[in-house]
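# Coordinate inspection notes
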2 protein chains.
Amino acid sequence: MQQDPLKSFGLRLVQLRKSKGLSQEKLALESGIARSYLSGVERGQRNIALLNIHKLADTLGIPASSLLELPDD
Amino acid sequence: MQQDPLKSFGLRLVQLRKSKGLSQEKLALESGIARSYLSGVERGQRNIALLNIHKLADTLGIPASSLLELPDD
DNA sequence: GTGTGACTTTGAGTCCGTC
DNA sequence: TGACGGACTCAAAGTCACA
């Protein structure tokens, strides 16, 4: 049963960001996204659009599709 | 050399939709998205957000991540 | 059955800040 | 280092008529 896609995405993003040893601030800065917005995305409160998904994926050095995969629990 | 993520997503969506034998009209209706909006997405003119990506993926019966993979061209 | 332009409303995304 | 809020701006979302 698929839960909230936004929460799922946020969790996955946190996991990938930490695995690269980045802070929210650094990831936000390097991908050109507002820090407070990124915080909201990671908490599943924001409905991020495709271009920003790609920006984050690029910064993390992974394909965008892998950002949409389900987080490990 | 496919670089525009929106165009890439649109192409991929068209391919998947046709492979399921659906019209834009039917896909739009079943996923609860406006047809003219869907048309814009398929042509890479709309920056679709995560929740709508999931709606389309659900209707197509595929994981959202597979919608973000690159189209075969 | 699809492309497109014009339009309105809602929320995506920014920037300031505090805890 | 990250959660969270207020106050903004502009684009995503959605609708329509017509090609």
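Residues numbered from 1 in each chain as written. Chains lettered and ligands numbered in written order. Predicted model: local features only at pLDDT ≥ 70, side-chain atom pairs only at ≥ 80, totals over all residues. Heavy atoms only, no water.

With that settled, the discussion passes to the pattern of salt bridges. All names here are of chain A. Applying the stated criterion across every chain yields a total of six salt bridges over all chains. For Glu30, the salt bridge identified is with Lys26, shortest N-O distance 3.5 Å. Taken together, the residues Glu30 and Lys26, both in helix α2 (residues 24–31) and four residues apart, mark about one turn of the helix. We classify Lys26 as partly exposed; its relative accessible area is 44%. (Salt bridge = Lys/Arg side-chain N within 4 Å of Asp/Glu carboxyl O. Helix = DSSP H or I, 4+ residues; strand = E, 2+ residues; numbered from the N terminus. Buried < 20%, exposed > 50% of the residue type's maximum accessible area, 1.4 Å probe, protein only.)

Attention shifts here to the UniProt feature "domain: HTH cro/C1-type" (unreviewed entry) in chain A. Taking the numbering used here, the UniProt-annotated feature "domain: HTH cro/C1-type" (unreviewed entry) corresponds to residues 13–67 of chain A. For residues 13–67 of chain A, helix accounts for 69% and strand for 0%, while the C-alpha atoms at its two ends are 7 Å apart. (UniProt positions renumbered as here; feature names shortened; annotations may be inferred.)

It is worth spelling out the interface of chain A and chain B at this point. Opposite the 15 residues of chain A that make contact, chain B presents 14 residues. For the chain A and chain B pair, buried surface summed over both sides reaches about 1,300 Å², with 78% attributable to carbon and sulfur atoms. Among the residues of chain A in contact with chain B, Leu50(A), Leu51(A) and Leu68(A) are the three that bury the most area, contributing 41% of the side total. Summed over the shared surface of chain A and chain B, the result is zero salt bridges. At the boundary of chain A with chain B, the tally comes to six residue pairs in polar contact (both at pLDDT 80 or more). Looking at the side of chain A that touches chain B, the element that brings in the most residues is helix α4 (residues 50–60) of chain A, giving four residues. The residue inventory of the side of chain A that touches chain B, partitioned by class, reads 10 nonpolar, four polar and one charged. (Contact = heavy atoms within 4.5 Å. Buried area = accessible area lost by both parts, 1.4 Å probe. Polar contact = N/O pair within 3.5 Å; in protein donor to acceptor, adjacent residues only side chain to side chain. Nonpolar A, V, L, I, M, F, W, Y, C, P; charged D, E, K, R; others polar.)

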